[in-house]
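Geometric and topological summary
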Amino acid sequence: MIRIKAPAKLITAGSPHDGTAWAYKPLSGGELQRVSLARALVVNPKLILADEPTGNLDWKTAEGIMELLEKINKEGKTIIMATHHEGIIKHAKHRIIKLDDGRII
């Protein structure tokens with residue numbers, strides 16, 4: 001038997017679902033993002049590449065995803081994130097590297 005240590009709190013954080021309703025209701029964008037993060041964390045990586053993790057999410061949900069990424073970072077994992085979301089960039093607490101047409105500016 002294979003045992004997987006899935007971070008269940010990450011999946012259900014801020015979600016109205018308790019996990020059992022997922023088979024009957026489609027997941028929201030924010031829930032899908034949390035599930036994607038949980039899947040990435042199962043293998044305990046040192047580095048997470050997040051391509052537009054807040055794309056197509058409302059501001060409140062995007063803030064929740066960013067808080068989760070911050071918690072993951074505080075646990076010692078490196079997060080490399082690509083985003084066009086100016087609000088997310090302004091709230092970033094760590095190093096920011098801006099690119100324009102493939103060049104660092």
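Keep in mind it's a predicted model, so treat the numbers as computed, not measured. (Residues numbered from 1 in each chain as written. Predicted model: local features only at pLDDT ≥ 70, side-chain atom pairs only at ≥ 80, totals over all residues. Heavy atoms only, no water.)

1. Things to note about the nonpolar core
Of all hydrophobic cores here, the largest spans 10 residues; its members are Leu37, Leu41, Ile48, Leu57, Ala62, Ile65, Leu68, Leu69, Ile72 and Ile88. Ranked by residues supplied to this core, first place goes to helix 3 (residues 59-74) with 5 residues. (Core = buried A, V, L, I, M, F, W, Y, C linked by side-chain atoms within 4.5 Å. Buried < 20%, exposed > 50% of the residue type's maximum accessible area, 1.4 Å probe, protein only. Helix = DSSP H or I, 4+ residues; strand = E, 2+ residues; numbered from the N terminus.)

2. Section: the pairing of strand 2 (residues 78-82)
Note on strand geometry: in a regular strand, side chains alternate between the two faces of the sheet. Relative to strand 2, strand 1 (residues 47-51) runs parallel, the two sharing 5 bridges. Opposite Ile48, over in strand 2, you have Ile79 as the bridge partner. For the segment spanning strand 1, helix 3 and strand 2, crossover handedness is right-handed. (Pairing = 2+ DSSP bridges. Right-handed = clockwise from strand over helix to strand, strands pointing away.)

3. A few points about the side chain of Thr54
Here Thr54 lies in the loop between strand 1 and helix 3. Contacts of Thr54, omitting those with residues within four sequence positions, involve Gln33, Ala62, Ile65, Met66, Thr83, His85 and Ile88. (Contact = heavy atoms within 4.5 Å.)

4. Some points on a nonpolar patch on the surface
A cluster of nonpolar side chains, namely Leu47, Leu49 and Ile80, defines an oily patch on the protein surface of about 310 Å² accessible area. Tracing the backbone through its elements, the reader meets Leu47 in strand 1. A residue is classified by how much of its surface remains accessible, and Leu47, at 43% relative accessible area, is partly exposed. (Patch = residues over 30% accessible without salt bridge, like charges linked within 9 Å, V, L, I, M, F, W, Y side chains within 5 Å. Areas by Shrake-Rupley, 256 points an atom, 1.4 Å probe, with all protein chains shown as cover. Salt bridge = Lys/Arg side-chain N within 4 Å of Asp/Glu carboxyl O.)

5. A look at the packing of helix 2 (residues 29-41) against helix 3
Interhelical geometry of helix 2 versus helix 3 gives an angle of 15° and a closest axis separation of 10 Å. It follows that helix 2 is roughly parallel to helix 3 by the angle criterion. Considering only the axes of helix 2 and helix 3, their crossing is right-handed. Contacts between helix 2 and helix 3 pair Gly30, Gln33, Arg34, Leu37 and Leu41 from the former with Thr61, Ile65, Leu68, Leu69 and Ile72 from the latter. Looking at side-chain class alone, the contact of helix 2 with helix 3 contains 6 nonpolar, 3 polar and 1 charged residues. (Axes fitted to C-alpha atoms, helices over the stretch in contact; angles between N-to-C directions. Parallel < 35°, antiparallel > 145°, perpendicular 65-115°, else oblique. Left-handed = near helix turned anticlockwise from the far one by under 90°. Nonpolar A, V, L, I, M, F, W, Y, C, P; charged D, E, K, R; others polar.)

6. Observations concerning helix 2
Taking 1.5 Å per residue as the helical rise, helix 2 with its 13 residues ought to reach 18 Å, and the 19 Å between its terminal C-alpha atoms agrees with that figure. For helix 2, the complete set of buried residues consists of Gly30, Glu31, Gln33, Arg34, Val35, Leu37, Ala38 and Leu41. (Expected span 1.5 Å × (residues − 1).)

7. Quick notes on the environment of Ile72
In this structure, Ile72 sits in helix 3. Sequence spacing of Ile72 and Ile48 is 24 residues, and the spatial spacing of their C-alpha atoms is 9.3 Å. Residues contacting Ile72, with those up to four places away along its chain left out, are Leu37, Leu41, Ile48, Lys77 and Ile79.

8. Let's talk about helix 3
For helix 3, spanning 16 residues, the distance from its first C-alpha to its last is 22 Å, which sits close to the expected 22 Å at 1.5 Å a residue. All of the buried residues along helix 3 are Ala62, Ile65, Leu68, Leu69, Glu70 and Ile72. A side-chain oxygen of the first residue of helix 3 lies 3.1 Å from the backbone nitrogen of Lys60; this N-cap is Asp58. Note on helix 3: the residue one or two positions beyond its end, Gly76, has a positive phi of about 100°. (Polar contact = N/O pair within 3.5 Å; in protein donor to acceptor, adjacent residues only side chain to side chain.)

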